[in-house]
Amino acid sequence: MSTIDDTGVVTPGRVARLPVSPVSEVSPVSEVSAASAVSPVSSASPVSFRPTRPSAEALAALRRHRWYERPRWRRLCALTAVGVLLAVMTGEQGSGADLLLSLRTTFTGTALWAWIAAAVALWAVAEFGGAPRRAVASGARAAAAPLARIRPALDGRPWLRVALVVAGLAAAVLLPLLFDRSTNQVLVDWVGIYILLALGLNVVIGWAGLLDLGFVAFFAIGSYSTAFWSGQLPVKPPFELNPFLSIPVAMVTCLLAGILLGAPTLRLRGDYLAIVTLGFHEIIYLVAKNAESVTGGSLGVFGIPHFSVDLGPVQYRWGLDPLDYLWLLIGLITVLVLLFRKLVRSKIGRTWEAIREDEVAAAAHGVDTVKYKLMAFAIGASTSGVAGAVYASKVGFINPENFPLLYSVLVLAYVIFGGMGSIPGVLLGAALLAYLPHGLKDVVDQKDRFMYLGALLVVMMIYRPQGLLPARRRRRTVRTGEAS
């Protein structure tokens, strides 16, 4: 054994053993004093005490929540707030002469209490009505059961899928004959054009996973390209083209614009790429607004001719009737859907999917991620160019205010609402949301229509974040995230 002298030097020696009594007979104080008597070093070591275990009453007090912190009452407060919000949304419209007119009439009328009572009744049924709730749930499951069997039935019967597609095309062509002119006008200017834009953005964000917030900039480039080659801009072209031939020219122009934007910026990811595309939209918008000697400035471009076909004996000219452009849009959408279906099942589509899921892992396996992302960016931009050419020829007049940033956000919302990466979902989501403001024209003031659209998007993202008709991989990803 070794001992430590007064100078702190360790010297060999023997240590006298102290008599130790049994543990049960030694108090903690005597143990500490005995340890201090053995060596000066042990007196400096810390003494550890075992923490006392809290009592059951203390643990229960920690777990106790106040009444307003319990989930049941929090749901009541949330539904009451929703009732108040709906009362404000459906209340009287405001006035410039009296800014508080809407709030004053809402909070002093009976509609507010009716909405709150409806919210409380819904909460009571959800919380305490076990039998009605189970009946509604079972009824919803029974109603959705046939829909769940549609996809397996289509997978096993290709001819049935083809028959449904043909029936859908026939309905899209024939049903507009039963609508009035204003409805067909909306189907062209909003539904058809935005379906084309949503298909293009689905390539960028749904398949390649690139967040593009300036997609409508390519829509503007396609429109101004059509106006240029028809000779309506202050800058004259070397030769004028038939407006129908301006569609492939607008596609190529937007494709080159997508390459010029994407080549130096697609090494960025996520939010940084979104900011770059946002800046690109602002650049195009300000150039179109301020370059009066090139684009006509804020006054815009007038007299863009309608499409026409002159092939010997076959001559046809699109006029003011929206049905002509609606059928043209149906044909273009059909061709693009067929091409995109082939594309997404090819090597390029599988590579986009790999980049979307994990770009680092794709690059580690030898994938040239910049090349394939640039390809997605260019293809999506060219699709937007087609929409721009059709829109310019249909309307006959364009100016920078036709291409605000809000439209980029709307197209992105349509893609997410329908289901990113799913062509049927994008078609359905864009058609429903683009037509929704027109469908609410008789019951909702024009200033409030987009408020209802925003509320629908919020509810959709809470209860079905994968979209209406999501792609299979997207559906599995969302379910896995919710389960974890």
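Just so it is clear, the model here is predicted, and its values are computed rather than measured. (Residues numbered from 1 in each chain as written. Predicted model: local features only at pLDDT ≥ 70, side-chain atom pairs only at ≥ 80, totals over all residues. Heavy atoms only, no water.)

A count of helices and strands for the chain gives 22 helices and four strands. Here the chain holds 484 residues, and 36% of them are scored as buried. Split by element, the accessible area of the chain, about 28400 Å² in all, is 67% carbon and sulfur. (Helix = DSSP H or I, 4+ residues; strand = E, 2+ residues; numbered from the N terminus. Buried < 20%, exposed > 50% of the residue type's maximum accessible area, 1.4 Å probe, protein only. Areas by Shrake-Rupley, 256 points an atom, 1.4 Å probe, with all protein chains shown as cover.)

Attention now moves to the environment of G425. Tracing the chain through its elements places G425 in helix α20 (residues 423–439). What makes G425 buried here is its relative accessible area of 0%. In this structure the C-alpha to C-alpha distance between G425 and Y414, which are 11 residues apart in sequence, comes to 9.3 Å. In contact with G425, other than residues within four places in its own chain, are G418, G419 and L469. (Contact = heavy atoms within 4.5 Å.)

Quick look at the nonpolar core now. Among the nonpolar cores identified, the biggest contains 85 residues, and F218, F340, W352 and I398 are the most heavily contacted of them. By residue number, the principal contributor to this core is helix α10 (residues 181–207), which donates 15 residues. For F218, the contacting residues outside a window of four places in its chain are D212, C254, A257, G258, L261, F280, F377, A381, S384 and G385. (Core = buried A, V, L, I, M, F, W, Y, C linked by side-chain atoms within 4.5 Å.)

Before going further, it helps to examine the pattern of salt bridges. Overall, the coordinates contain seven salt bridges when judged by the stated rule. Ionic pairing is found between R72 and E127, a salt bridge with its closest N-O pair at 3.4 Å. Residue R72 is located in helix α4 (residues 71–89), and its partner E127 is located in helix α6 (residues 111–128); the two are separated by 55 residues in the primary sequence. For R72, a relative accessible area of 34% gives the class partly exposed. Note on E127: relative accessible area 17%, which makes it buried. In this structure, E127 engages R75 in a salt bridge whose closest nitrogen and oxygen atoms are separated by 2.6 Å. Here R75 lies in helix α4 and E127 lies in helix α6, a separation of 52 residues in the sequence. Taking the relative accessible area as the measure of exposure, R75 reaches 41% and is therefore partly exposed. By sharing partners, the salt bridges in this structure join R72, R75 and E127 into a single network. (Salt bridge = Lys/Arg side-chain N within 4 Å of Asp/Glu carboxyl O.)

This part covers empty space enclosed by the protein. In this structure the tally under the stated criterion is one cavity of 30 Å³ or more. Taken as a whole, the largest cavity holds about 50 Å³ of empty space. Taken together, A217, A220, Y224, H281, I284, Y285, A288, P400 and F403 make up the lining of the largest cavity. Elements that contribute at least two residues to the lining of the largest cavity include exactly α11 (216–229) and α13 (270–290). With four residues, the top contributor of residues to the lining of the largest cavity is α13. Its residues placed into classes, the lining of the largest cavity shows eight nonpolar, one polar and no charged. (1 Å grid on protein atoms, 1.4 Å probe; cavity = no way out; pocket = protein on both sides within 12 Å on 5 of 7 lines; lining within 4 Å. Points joined across faces, edges and corners; volume = space filled by probe spheres on them. Nonpolar A, V, L, I, M, F, W, Y, C, P; charged D, E, K, R; others polar.)

A few words on the packing of aromatic side chains. The tally for this structure, following the rule as stated, stands at 22 aromatic pairs. Ring centres 6.0 Å apart and planes at 85° place the aromatic pair F218 and F377 in the edge-to-face group. Of the two residues, F218 is situated in helix α11 and F377 in helix α18 (residues 369–395); the sequence distance between them amounts to 159 residues. What makes F218 buried here is its relative accessible area of 1%. On the accessibility criterion, F377 (2% relative accessible area) is buried. Seen in terms of ring centroids, F307 and Y325 are 5.9 Å apart; in terms of plane orientation they differ by 40°. Their pairing is tilted. In this pair, F307 sits in the loop between α14 (292–295) and β3 (308–311) while Y325 sits in helix α15 (residues 322–344), placing the two residues 18 residues apart along the sequence. For F307, a relative accessible area of 0% corresponds to the buried category. Of the residues examined, Y325 reaches a relative accessible area of 0% and is grouped as buried. Through successive ring pairs, a cluster of aromatic residues spans F244, F307, Y316, W318 and Y325. (Phe/Tyr/Trp six-rings, centres within 6.5 Å; stacked < 30°, edge-to-face > 60°.)

Another aspect to go through is the pairing of strand β4 (residues 314–317). Bridging between β3 and β4 involves four bridges; their strand directions are antiparallel. Within the sheet, the bridge partner assigned to D310 lies in β4 and is Q315. (Pairing = 2+ DSSP bridges.)

Right, let's get into the environment of Y325. As a C-alpha pair, Y325 and K394 span 69 residues in sequence and 7.1 Å in three-dimensional space. If near-sequence neighbours (up to four positions away) are discounted, Y325 is found in contact with V188, H306, F307, W318, G319, V390, S393 and K394.

Examined against the element boundaries, E359 turns out to sit in helix α17 (residues 359–364). Those residues in contact with E359 that lie beyond four places of it in its chain are R269, A354, T369 and K373.

Moving on, we get to the layout of surface pockets. Looking at the second largest pocket, its volume works out to about 460 Å³. Lining the second largest pocket are 16 residues; nearest its centre among them are L79, V82, V459, I462 and Y463. The set of elements that each furnish at least two residues to the lining of the second largest pocket consists of α4, α6 and α21 (449–463). No other element matches α4, which puts seven residues into the lining of the second largest pocket. Each residue belonging to the lining of the second largest pocket can be placed in one class, and the counts come to 14 nonpolar, no polar and two charged.

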